[in-house]
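Take a look at the letters that make up each chain.
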Amino acid sequence: MSVSGLTSTPSPCCLRLPDRNQGGVCRQVSAIPVAGKPKGKNGLLHVERSGWTVSIPKWKTQKPHLIKCAMDASYGESAGSAIFPRINVRDPYKRLGISREASEDEIQAARNFLISKYGGHKPSVDAIEAAHDKIIMQKFYERKNPKIDIKKKVREVKQSRVVQAITSRFQTPATKFIVKTSIAFIVLGVLTVLFPTEDGPTLQVAISLIATFYFIHDRLKSKIRALLYGAGAFIFSWLVGTFLMVSVIPPIPILKGPRSFETLTSLITYVLLWVCSTYLK
């Protein structure tokens, strides 16, 4: 082209635009004056201004794929943070993975372990902290308002040395033997209640002592042990029966008469003698 007597060659004008197909590398696009009307069949976008035509390749804008990561980072999360698997468990003890008898040190240790493992996930941290706080508050309330745990007390009594020493002296015999001793002492109890005497149930008590000697000898096959166990069981049973009648058991209106005290004491003695003659080892 000629300008004021000068001749020059049209120089290309470069425009740098991002190219999606080349991973974001800029691409040169020429802009030269073109005579005539622009054509759009070759997939180019033509922009005409002041006699100059700029050819720009068509390209699609890419949506930012890191928006979600940026939003997660704003909440203290990372892309590869682990999620607490028991995040939706309602029971705080099961959520932390501890028992209801756990101490405060065990509760704190479980909380610290889970926080160190799932600390990168904010909902997991919130679930762990909520379970920890709930358990601590419950322990504090139980200390302020203690309640009697019957099952725990019974377990402690069974595990005590005294009870274990006593229970070790007893054993369960055959069912036939249990039925035989039960019938014998039930008959003695019925005779004592139905046929009271002015002197008291002396005969029935003597028969119960003889029955105790017989049943212990029948089970242990030892006369000496039968004599010692029988005499000791009889004395112990009569003393316990007397103590219960005097200090614990109130008078029963069904049993009337001057010998009602001795009758009730005899019935308690029969029960204890039955236990000794049947289960004593």
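Everything discussed here concerns the structure shown above.
Parameters and conventions
- Residues numbered from 1 in each chain as written.
- Predicted model: local features only at pLDDT ≥ 70, side-chain atom pairs only at ≥ 80, totals over all residues.
- Heavy atoms only, no water.
- Helix = DSSP H or I, 4+ residues; strand = E, 2+ residues; numbered from the N terminus.
- Expected span 1.5 Å × (residues − 1).
- Buried < 20%, exposed > 50% of the residue type's maximum accessible area, 1.4 Å probe, protein only.
- Contact = heavy atoms within 4.5 Å.
- Polar contact = N/O pair within 3.5 Å; in protein donor to acceptor, adjacent residues only side chain to side chain.
- Axes fitted to C-alpha atoms, helices over the stretch in contact; angles between N-to-C directions.
- Parallel < 35°, antiparallel > 145°, perpendicular 65-115°, else oblique.
- Nonpolar A, V, L, I, M, F, W, Y, C, P; charged D, E, K, R; others polar.
- Core = buried A, V, L, I, M, F, W, Y, C linked by side-chain atoms within 4.5 Å.
- Phe/Tyr/Trp six-rings, centres within 6.5 Å; stacked < 30°, edge-to-face > 60°.
- Salt bridge = Lys/Arg side-chain N within 4 Å of Asp/Glu carboxyl O.
- Patch = residues over 30% accessible without salt bridge, like charges linked within 9 Å, V, L, I, M, F, W, Y side chains within 5 Å.
- Areas by Shrake-Rupley, 256 points an atom, 1.4 Å probe, with all protein chains shown as cover.

Novice: It is not clear to me how helix 9 (residues 223-248) should be interpreted in this structure. Could you clarify?
Specialist: Spacing of three or four residues puts side chains on the same side of an α-helix, whose turn is 3.6 residues. With 26 residues, helix 9 extends 36 Å from end C-alpha to end C-alpha; this agrees with the ideal 38 Å at 1.5 Å per step. What helix 9 keeps buried is the set Ala226, Gly230, Ala233, Ser237, Gly241 and Met245. Taken together, the buried residues of helix 9 touch helix 8 (202-220) and helix 10 (260-279). Looking at where helix 9 begins, the residue whose side-chain oxygen comes 3.5 Å from the main-chain nitrogen of Arg225 is Ser222.

Novice: Looking at this structure, I do not really get the packing of helix 7 (residues 175-194) against helix 10. What am I missing?
Specialist: Geometry of a packed helix pair, given as the angle between the helix axes and the separation of the axes. Interaxial distance between helix 7 and helix 10 falls to 10 Å at its minimum, and their mutual angle equals 170°. On the basis of their axis angle, the class for helix 7 and helix 10 is roughly antiparallel. Here Phe177, Ile178, Thr181, Ser182, Phe185, Leu188, Gly189, Thr192 and Val193 of helix 7 come into contact with helix 10, specifically with Thr263, Ser266, Leu267, Tyr270, Leu273, Trp274, Ser277, Thr278 and Tyr279. Of the residues assigned to the contact of helix 7 with helix 10, the class counts are 10 nonpolar, eight polar and no charged.

Novice: Teacher, can you tell me more about the nonpolar core here?
Specialist: As a rule of thumb, nonpolar side chains are buried together in soluble globular proteins. In terms of nonpolar packing, the biggest core is built from 12 residues, these being Phe84, Tyr93, Leu96, Ile98, Ala102, Ile107, Ala110, Leu114, Tyr118, Ile128, Ala131 and Ile135. Where this core is concerned, the elements lending two or more residues are helix 2 (92-96), helix 3 (104-118) and helix 4 (122-144). When residues of this core are assigned to their parent elements, the largest contribution, four residues, is made by helix 3. Discounting chain neighbours no more than four positions away, the residues touching Phe84 are Arg95, Leu114, Tyr118, Ser124 and Ile128. Counting 10 residues, the second-largest nonpolar core is a separate cluster that includes Phe185, Leu188, Leu273 and Cys276.

Novice: So what exactly am I meant to see when it comes to the packing of aromatic side chains here?
Specialist: The geometry of an aromatic ring pair is captured by the separation of the ring centres together with the interplanar angle, meaning the angle of the planes. Counting across every chain of the model gives five aromatic pairs. Taken together, a centroid distance of 5.2 Å and an interplanar angle of 55° make the contact between Phe84 and Tyr118 tilted. Here the residue Phe84 occupies a position in the loop between helix 1 (67-74) and helix 2, and Tyr118 occupies one in helix 3, the gap between them amounting to 34 residues. The burial state of Phe84 is the same as that of Tyr118; both residues are buried. Ring centres of Trp274 and Tyr279 lie 5.7 Å apart, and the angle between their planes is 85°; on these two criteria the pair is classed as edge-to-face. What links up through ring pairs into an aromatic cluster is the set Phe177, Phe185, Tyr214 and Phe215.

Novice: Help me understand the pattern of salt bridges, please; the structure alone is not making it clear to me.
Specialist: Close approach of charged atoms allows side chains of opposite charge to pair. A complete count under the given rule lists six salt bridges for this structure. The partner of Arg100 in a salt bridge is Asp91, and the shortest N-O contact between them spans 3.0 Å. Given the relative accessible area of 18%, Asp91 is considered buried. Residues joined by salt bridges that share partners form a network here, namely Lys180, Asp218 and Lys221.

Novice: Can you help me understand a nonpolar patch on the surface in this one?
Specialist: Residues Val179, Ile183, Ile186, Val187, Val190, Leu191, Val193, Leu194 and Phe195 make up a contiguous nonpolar surface patch of about 800 Å² in total accessible area. One can find Leu191 in helix 7. Taking the relative accessible area as the measure of exposure, Leu191 reaches 34% and is therefore partly exposed.

Keep in mind these values describe shape, not function.
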